Amino acid sequence: MMSDLLRLDFINSLPQPFIVTLLGGDEWPIINICVQTGIFRMDVCGKSQVMDIAEANSFTDANGKKHDSETFFSDYEEEGTKS
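Every value quoted in this text rests on a predicted model; they were computed, and no experiment measured them.

A. Summary view of the sheet that holds strand β4 (residues 47-52). The strand order across the open sheet built from six strands is β4-β3-β2-β1-β5-β6, with neighbouring strands paired in antiparallel fashion. The open sheet has two edge strands with one neighbour each: β4 and β6 (66-68). Neighbour to neighbour, the strand axes of the sheet diverge by 40 degrees on average, direction disregarded. Where strand β1 (residues 19-22) and strand β2 (residues 27-33) come together, three bridges link them in antiparallel fashion. Counterpart to Thr-21 in the pairing with β2 is Glu-27.

B. Quick look at the packing of aromatic side chains. Enumeration over the complete set of coordinates arrives at five aromatic pairs. Centroid distance Phe-40 to Phe-59: 5.7 Å. Interplanar angle 80 degrees. Geometry classified as edge-to-face. Separated by 19 residues along the polypeptide, Phe-40 in strand β3 (residues 39-44) and Phe-59 in strand β5 (residues 56-60) bring together distant segments of the chain. Here Phe-40 matches Phe-59 in class, with each residue buried. Its relative accessible area of 0% is what places Phe-59 among the buried residues. Members of the aromatic cluster, connected to one another through ring pairs, are Phe-10, Phe-18, Phe-40, Phe-59 and Phe-72. Directly above the aromatic system of Phe-10 lies the positively charged group of Arg-7, at a separation of 4.3 Å from the ring centroid.

Calculation rules
Residues numbered from 1 in each chain as written. Predicted model: local features only at pLDDT ≥ 70, side-chain atom pairs only at ≥ 80, totals over all residues. Heavy atoms only, no water. Pairing = 2+ DSSP bridges. Helix = DSSP H or I, 4+ residues; strand = E, 2+ residues; numbered from the N terminus. Axes fitted to C-alpha atoms, helices over the stretch in contact; angles between N-to-C directions. Phe/Tyr/Trp six-rings, centres within 6.5 Å; stacked < 30°, edge-to-face > 60°. Buried < 20%, exposed > 50% of the residue type's maximum accessible area, 1.4 Å probe, protein only. Lys NZ or Arg CZ within 6 Å of the ring centre and 35° of its normal.

Shown next, in the form of structure tokens:
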């Protein structure tokens with residue numbers, strides 16, 4: 001069985017829906033995120049577009065708080081928790 005690339009519990013704990021900010025600065029609403037593959041679907045002018053999370057700069061939750069895309073990865077270690 002394939003392990004999750006992304007932190008499902010963390011992602012689900014954030015208020016949704018999300019807005020993604022891509023590396024070029026464009027922002028689009030998120031349709032869904034696949035935690036196993038690390039891809040997401042976004043709504044681009046009414047059409048669904050699939051992208052890899054590595055192409056995202058950040059995600060803004062429903063409360064307006066930005067989250068760096070690195071924090072979504074399973075191997076992310078929060079500052080101060082590294083041994």
